[in-house]
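Breakdown of the fold
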Amino acid sequence: MKKFFVFILVAAFIAGAVCLSIGGAAIAKEPDKYLDMVSEKYTAKTIVEESEVTSFTLNTLAHSVKIVKSLDGKLKIDYYDGEKTYFEYRMTEGAAVLEQKENITVDNFYLFNFGNVKHDTVVYLPESVNKVIDLTVMSGDLDFDCGDFMVETFKVSMASGDMSIKGVEAASLKAKTFSGDITLSGIKAQSAAVETGSGDVTVSDSEFVDFNSAHNSGSLEMENILLSGNINCALGSGDATLNLVLVTADYRVETRVGSGDSRLFVNGLRMGGDEDIAWGTGSKTIKLRCNSGDIAITLTDTNT
């Protein structure tokens, strides 16, 4: 086993050295081209959509995104175009789409320079967008704060960066990130699904019928959550702390921990702890599984 592990380390080292040598050769061969990429100039641009917008899709490669409520009822987008990264906009039957494109290839090391993009994309979203909001951010943070905003479907997918979502009411809400923290507050959703590769998840002052989450590495904290349906959460490594207000007492709680403790409090009384918990006989379920970490659940019944 030790020899195999050493072999893997050596192979990884060799692969890294090859990548660096190729990159160094490319830079040495065309240094002006590389420096030009790093110092790319950007031009500020603005889109104002005069037609009514009911769905909005945004796909960015290397920009942080801020989304706020439009005050004049029109979709407005402030963004920056570069020679190598530029945006394309289209509007079709109420669906507005803004996508960031790149016109250079991987062999010139552009992908290693996402951090050089410093400009934010700012979206002013009108209340008429009530069908679908679909946001994809490859590298950068996302801040969505439109007050109380109602939409049928709300989706966010991020590769690297933190997301903050506030004040969304949706039939379906999905938030996914490969690396980064997720913060949800003031959310109302019939169905919510959260997924992280590496990052903490914090949910507060929200209402859910059903809530599902999956975490490879990172903690889960849910505070002041009004729950009328089911919760199902799976954590690889990280603590889970849930403070829930239940619409009904018709619940059962199940926890399973590989390495760590479980604690359950119901209406101020401790119902279980230190080991896996199986409490209640209700038709609705609160299930938590954690490979390594502690679980703490506090339940308050609104009927008490």
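Structure: see above.
Anyway, here's the lowdown on the structure attached to this text. (Residues numbered from 1 in each chain as written. Predicted model: local features only at pLDDT ≥ 70, side-chain atom pairs only at ≥ 80, totals over all residues. Heavy atoms only, no water.)

This part is about the overall build of the protein chain. Along the protein chain, the regular secondary structure elements total two helices and 22 strands. In the protein chain, which comprises 304 residues, the share counted as buried stands at 40%. Within the protein chain, counting contacts between residues at least 6 apart in sequence, those at least 24 apart form 46% of the total. In the form shown here, the protein chain has an accessible surface area of approximately 15,600 Å², with 52% of it arising from carbon and sulfur atoms. (Helix = DSSP H or I, 4+ residues; strand = E, 2+ residues; numbered from the N terminus. Buried < 20%, exposed > 50% of the residue type's maximum accessible area, 1.4 Å probe, protein only. Contact = heavy atoms within 4.5 Å. Areas by Shrake-Rupley, 256 points an atom, 1.4 Å probe, with all protein chains shown as cover.)

Two numbers describe a pair of aromatic rings. These are the distance of the centres and the angle of the planes. By the definition in use, this model includes four aromatic pairs. Ring centres 6.1 Å apart and planes at 85° place the aromatic pair F144 and F149 in the edge-to-face group. Overall, the relative accessible area of 2% leaves F149 in the buried class. Their ring planes at 85° and their centres at 5.0 Å tell us that F144 and F154 sit as a pair that is edge-to-face. Of the two residues, F144 and F154, both sit in the buried class. In this structure an aromatic cluster arises from ring pairing among F144, F149 and F154. Lying across the ring of Y124, K76 places its NZ or CZ 5.3 Å from the centre. (Phe/Tyr/Trp six-rings, centres within 6.5 Å; stacked < 30°, edge-to-face > 60°. Lys NZ or Arg CZ within 6 Å of the ring centre and 35° of its normal.)

Turning our attention to the nonpolar core. Within the largest apolar cluster, 65 residues are counted, with the highest numbers of intra-cluster contacts made by L125, F154 and I286. Tallying contributions element by element places strand β9 (residues 142-160) first for this core, with eight residues. Not counting residues up to four positions away in its chain, the partners in contact with I286 are L227, I231, L244, L246, Y251, R252, V253, E254, I297 and L299. (Core = buried A, V, L, I, M, F, W, Y, C linked by side-chain atoms within 4.5 Å.)

The next thing to look at is the pairing of strand β5 (residues 85-92). As paired elements, β5 and strand β6 (residues 95-102) share eight bridges and run antiparallel to each other. For Y89, the partnering residue across the bridge sits in β6 and is L98. Where β5 folds back on β6, the antiparallel hairpin that results is connected by two residues, among which E93 adopts a positive phi of roughly 50°. (Pairing = 2+ DSSP bridges.)

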